[in-house]
Amino acid sequence: MTDTTVAVLGTGIMGAPMAANLAAAGLTVRAWNRTRAKAEPLAGKGVEIADTPAGAAAGADFVLTMLDDGSSVREVVEDVLRPGAVWLQTSTVGIEWTATLAALAEKAGVPFVDAPVLGTKQPAEQGELVVLASGPEGLREKCAPVFGAIGGRTLWLGPAGAGSRLKLVANAWVLALTNATAESVALAGELGVDPKLFLDVISGGALDVPYAHLKGGAMISGEYPLSFATRHAAKDARLVLAAGGEGLDLGGVRAALAHLDAAQDAGHADEDMAAVYYGLRVGLPGR
C-alpha cells in the first residue's frame, strides 16, 4: 500500500497517533496541523509535514480529518477537496454538521465517508480505535487498509450520517458514566467513606466497568493525564443534547454538561474529562 497517500488534517491528541499508525502500516502520509510544532514529532515516524492543508491534500488518495468541531473541519477542507480523493471524516461533529460536510463533499465531487471513532488517546496510539464508518458501500474495500491501520475494528453502518448517529449514542453513555463515577467518588468523600472502597465494591461483579476504574482512579488521585479534554467532552455533550431534541430528556448528559461547564469555569478545560469531578462542587447552588 506504499503507493497510497493519506493526508491527515489535524494532529492533536488523536490525529497524531493516527498519522503515525498509518505511516507504520506502510502508507504514505502527509500531515498538517494549525500549530505546526504539534505535527513536527511525526517527521521522525515517517510522516511528511505540510505547511498548509492544500499542501497535504494535493494528489492524496484519502483526506482524513480529525479536528475539533464541524466549523473547523469546514474551514480547513472547503478549499482543498479535489476529485480523485476520498474524504474520511473522523471528527465528532454531530448530525447537522455531518450533513453540511457531506453536502460540501458532494459539491466538490469527492466521495464522503462519515467515520467518527470510538476511543481516546491510548487506543489511538495502539491502533485499537473502533471506526464507525458510513458512506458508499463501494468504498468499503478501498478504505479497509486505512481503517485497519488506525482501528482494531471497523463497523460499516449504512449511508453517511449513520456513523455519527451511533457515535452520539455511545457518547451519551460515556458522558453519563463519567459523571456518575464523579458523583459516587464525591459522595464517598462527603460521607467520610474512602472512595477507593467504591471502586473495590463494584470490582469483578455485574456492576463493574473498567472505565469507572480508569476515570475514578484519576479523580481519587487528583491526577488527570490527558486522554480526552474536558472542553471537548462538553462540546460532545452539546451535540448529544442537540441530537436528542426537545422530545427526549437526556438527564444524565445534561448533568454531565453542567458539571463539565463548571469544571471549565474553574480552569480545568484542557485537563482530562475526569476533571468533571471538580464541577460537582463548583456547579452546585450555594457551594
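What counts as what
- The written sequence of each chain sets the order in which its residues are numbered from 1.
- Selection of residues for local features in this predicted model requires a pLDDT of at least 70, selection of side-chain atom pairs for listing and counting requires 80 or more, and totals for whole chains, interfaces and linings are taken over all residues.
- Excluding hydrogens and water, the side-chain figures rest on all heavy atoms present in the structure.
- By definition, two strands form a pair when at least two bridges between them are found by DSSP.
- Each helix is a run of H or I in the DSSP string that is no shorter than four residues. Each strand is a run of E no shorter than two, and both are numbered from the N terminus.
- In what follows, residue pairs with any heavy atoms lying within 4.5 Å of each other are defined as contacts.
- Here an axis means a line fitted to C-alpha atoms, over the contact stretch when the element is a helix, while the angle between two N-to-C directions is reported on a 0 to 180 degree scale.
- Here, a salt bridge means any Lys or Arg side-chain nitrogen found within 4 Å of an Asp or Glu carboxyl oxygen.
- Partly exposed describes any residue whose relative accessible area lies between the buried limit of under 20% and the exposed limit of over 50%, with all areas from a 1.4 Å probe on protein chains only and scaled to the type maximum.
- Method remark: on a 1 Å grid restricted to protein atoms, a set of points is classed as a cavity if a 1.4 Å probe fits but cannot get out and as a pocket if it is open with protein on both sides within 12 Å along at least five of seven lines; lining residues have an atom within 4 Å of a point.
- Grid points are joined across faces, edges and corners, and a volume is the space filled by probe spheres set on the points.
- We call Asp, Glu, Lys and Arg charged. Ala, Val, Leu, Ile, Met, Phe, Trp, Tyr, Cys and Pro are nonpolar, and the rest, Gly among them, are polar.
- For our purposes a nonpolar core is just a set of buried Ala, Val, Leu, Ile, Met, Phe, Trp, Tyr and Cys residues, chained together by side-chain atoms within 4.5 Å.
- As used in this structure description, the phrase polar contact means that two N or O atoms lie within 3.5 Å; if the pair is within protein, one of them must be able to donate a hydrogen and the other to accept it, and residues adjacent in sequence are counted only when both atoms belong to side chains.

Peer 1: Explanation requested: the sheet that holds strand S9 (residues 151–156) in the structure shown.
Peer 2: Within a beta sheet, neighbouring strands are joined by backbone hydrogen bonds and run either parallel or antiparallel to one another. Within the open sheet, the three strands sit side by side as S7-S8-S9. Their pairing is mixed. Looking along the sheet, the strands with just one partner apiece sit at the ends: strand S7 (117–118) and S9. Along the sheet, helix H7 (residues 140–150) contacts strand S8 (129–133) and S9; its crossing angle with S9, the most-contacted strand, is approximately 145 degrees.

Peer 1: Please explain the pattern of salt bridges as it appears in this structure.
Peer 2: Side chains bearing opposite charge may pair, as long as their charged atoms lie close to each other. Scanning the entire structure with this criterion turns up 11 salt bridges. With a shortest N-O distance of 3.3 Å, Glu137 and Arg140 are connected by a salt bridge. With relative accessibility at 40%, the residue Arg140 sits in the partly exposed group. What you see here is one network of salt bridges that share partners, running through Arg36, Glu40 and Asp51.

Peer 1: Please explain empty space enclosed by the protein as it appears in this structure.
Peer 2: A water-sized probe rolled over the atoms picks out the places where empty space is left. Overall, the coordinates contain one cavity of 30 Å³ or more when judged by the stated rule. One number sums up the size of the largest cavity: a volume of about 30 Å³. Lining of the largest cavity is provided by Leu175, Thr178, Asn179, Ala256, Leu260, Met273 and Val276. Broken down by element, the lining of the largest cavity gets its largest block of residues, three residues, from helix H8 (residues 162–190). Per-class residue counts for the lining of the largest cavity are five nonpolar, two polar and no charged.

Peer 1: I tried to follow the nonpolar core on my own but got confused; where do I start?
Peer 2: Side chains that are nonpolar tend, in soluble globular proteins, to be buried together. Counting 35 residues, the largest nonpolar core has Leu22, Leu64, Leu88, Val113, Cys143 and Phe147 as its most contacted members. Those elements that provide at least two residues to this core are strand S1 (5–9), helix H1 (15–24), strand S2 (28–32), strand S4 (62–65), strand S5 (86–89), S8 and H7. Per element, the largest residue contribution to this core is six residues, and it comes from H1. Aside from chain neighbours lying at most four places away, what touches Cys143 is Phe62, Val86, Leu88, Val113 and Trp156. By size, the runner-up hydrophobic cluster in this structure holds 24 residues, among which are Met219, Ala237, Val240 and Leu260.

Peer 1: In this structure, what is going on with the environment of Val117? I would like to understand it.
Peer 2: Among the structural elements, Val117 can be located in strand S7. Taking the relative accessible area as the measure of exposure, Val117 reaches 3% and is therefore buried. Residues contacting Val117, with those up to four places away along its chain left out, are Met14, Met66, Thr90, Leu129, Val130, Val131 and Lys167.

Peer 1: How should the layout of surface pockets be read in this particular structure?
Peer 2: Its boundaries defined by the atoms lining it, the largest pocket holds a volume of some 1,400 Å³. Put simply, the parts of the chain that give the lining of the largest pocket at least two residues each are S7, helix H6 (121–126), H8, helix H10 (210–221) and helix H11 (230–244). Broken down by element, the residue count for the lining of the largest pocket peaks at six residues, all from H8. Its residues assigned to classes, the lining of the largest pocket shows 22 nonpolar, 16 polar and 12 charged. Within this model, the second largest pocket holds a volume of roughly 200 Å³. Lining of the second largest pocket is provided by Gly12, Ile13, Ala16, Pro17, Ala20, Asn21, Lys38, Pro41, Leu42, Lys45, Lys121 and Glu125. Elements with a minimum of two residues in the lining of the second largest pocket: H1 and H6. Take the lining of the second largest pocket: its biggest share by element is four residues, from H1.

Peer 1: How do you make sense of the environment of Ile95 when you look at a structure like this?
Peer 2: You can see Ile95 is positioned in helix H5 (residues 94–108). For Ile95, a relative accessible area of 29% puts it in the partly exposed group. When the C-alpha positions of Ile95 and Ser164 are compared, they lie 6.4 Å apart, and in sequence the two are 69 residues distant. Sequence-distant contacts of Ile95, that is, excluding residues within four places in its chain, are made with Arg165, Leu168 and Ala243.

Peer 1: Explain the side chain of Thr90 to me, please; I cannot follow it from the model alone.
Peer 2: With respect to the element layout, Thr90 can be found in the loop between S5 and H5. What makes Thr90 buried here is its relative accessible area of 1%. A distance of 2.7 Å separates the side chain of Thr90 from the backbone oxygen of Thr65, its partner in a polar contact. When residues no more than four places from it in sequence are discounted, the contact partners of Thr90 are Met18, Leu64, Thr65, Met66, Ala115, Pro116 and Val117.

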